[in-house]
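Structural overview for review
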Amino acid sequence: MTIFEKIIAKEIPADILYEDDTCLCFQDIAPQAPTHLLVIPKEPIPRIAKATPEHQSLLGHLLLTAQQVAQQQDFAESGYRLVINNGKDGGEEVPHLHIHILAGRQLLWPPG
Ligand code: 5GP
């Protein structure tokens, strides 16, 4: 069981901003920007590379949830970045699909 599954099960605490039947949005424990949130599906899909056409609607829901949280948290106007790290070279550490939402400062491109 990953740390994110423990957060979903409320076995370990997290600062949750949004939750519904299929996903959860909470604060990243080691923020890389003034705002750093994670949107995760409750279904334990390990990474985007493991998603299938059956997940199409769920994947869309994760993106729209990120958009809605950005509006609610008032950084939609100033801008934000959504990131999915996949595999070793992608920098993935937790093998449970998650979308990073980064905001609150000018983000650099290309990323490191
Ligand atoms: P990845 O590197 O896999 O794309 O991102 C994993 C993210 O999960 C990292 O940004 C890391 O800070 C965050 N994270 C790891 N463990 C915990 C935890 O126990 N609680 C929370 N809220 N975030 C975590």
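Predicted model, so just to flag it, every value in this text is computed and none were measured. (Residues numbered from 1 in each chain as written. Predicted model: local features only at pLDDT ≥ 70, side-chain atom pairs only at ≥ 80, totals over all residues. Heavy atoms only, no water.)

**Observations regarding the nonpolar core**
- Cys25, Leu37, Val39, Leu62, Phe75 and Ile101 are the most contacted members of the largest nonpolar core, which has 15 residues in total.
- Secondary-structure elements contributing two or more residues to this core are strand E2 (23–27), strand E3 (35–41), helix H2 (56–72) and strand E5 (99–103).
- Other than its neighbours up to four places away in sequence, Cys25 contacts Asp15, Ile16, Leu17, Tyr18, Leu37, Leu38, Val39 and Val69.
- Phe4, Ile8, Phe26 and Val94 belong to the second-largest nonpolar core, a separate cluster that totals eight residues. (Core = buried A, V, L, I, M, F, W, Y, C linked by side-chain atoms within 4.5 Å. Buried < 20%, exposed > 50% of the residue type's maximum accessible area, 1.4 Å probe, protein only. Helix = DSSP H or I, 4+ residues; strand = E, 2+ residues; numbered from the N terminus. Contact = heavy atoms within 4.5 Å.)

**Focus: the sheet that holds E2**
- Pairing is antiparallel in the open sheet, where five strands are placed in the order E1-E2-E3-E5-E4. Where the open sheet ends on each side, the last strands, each with one partner, are strand E1 (16–19) and strand E4 (80–83). Across the sheet, the axes of successive neighbouring strands diverge by a mean angle of 15 degrees, strand direction being ignored.
- As paired strands, E2 and E3 are joined by five bridges and run antiparallel to one another. Bridge pairing in E3 places Phe26 opposite Leu38.
- The sheet contacts of H2 involve E1, E2, E3, E4 and E5, and relative to E3 the element is tilted by about 155 degrees. (Pairing = 2+ DSSP bridges. Axes fitted to C-alpha atoms, helices over the stretch in contact; angles between N-to-C directions.)

**Notes on the site of the ligand**
- Taken together, 17 residues are adjacent to the ligand, and Asp28, Asn85, Glu93, His98 and His100 come closest.
- In the environment of the ligand, an oxygen atom lies 2.9 Å from a nitrogen or oxygen atom belonging to the backbone of Val94.
- Listing elements by their share of the shell around the ligand, those giving two or more residues are helix H1 (3–8), E2 and E3.
- In terms of residue count, the dominant contributor to the shell around the ligand is H1 (three residues).
- By residue class, the composition of the shell around the ligand is eight nonpolar, six polar and three charged. (Near = heavy atom within 4 Å. Polar contact = N/O pair within 3.5 Å; in protein donor to acceptor, adjacent residues only side chain to side chain. Nonpolar A, V, L, I, M, F, W, Y, C, P; charged D, E, K, R; others polar.)

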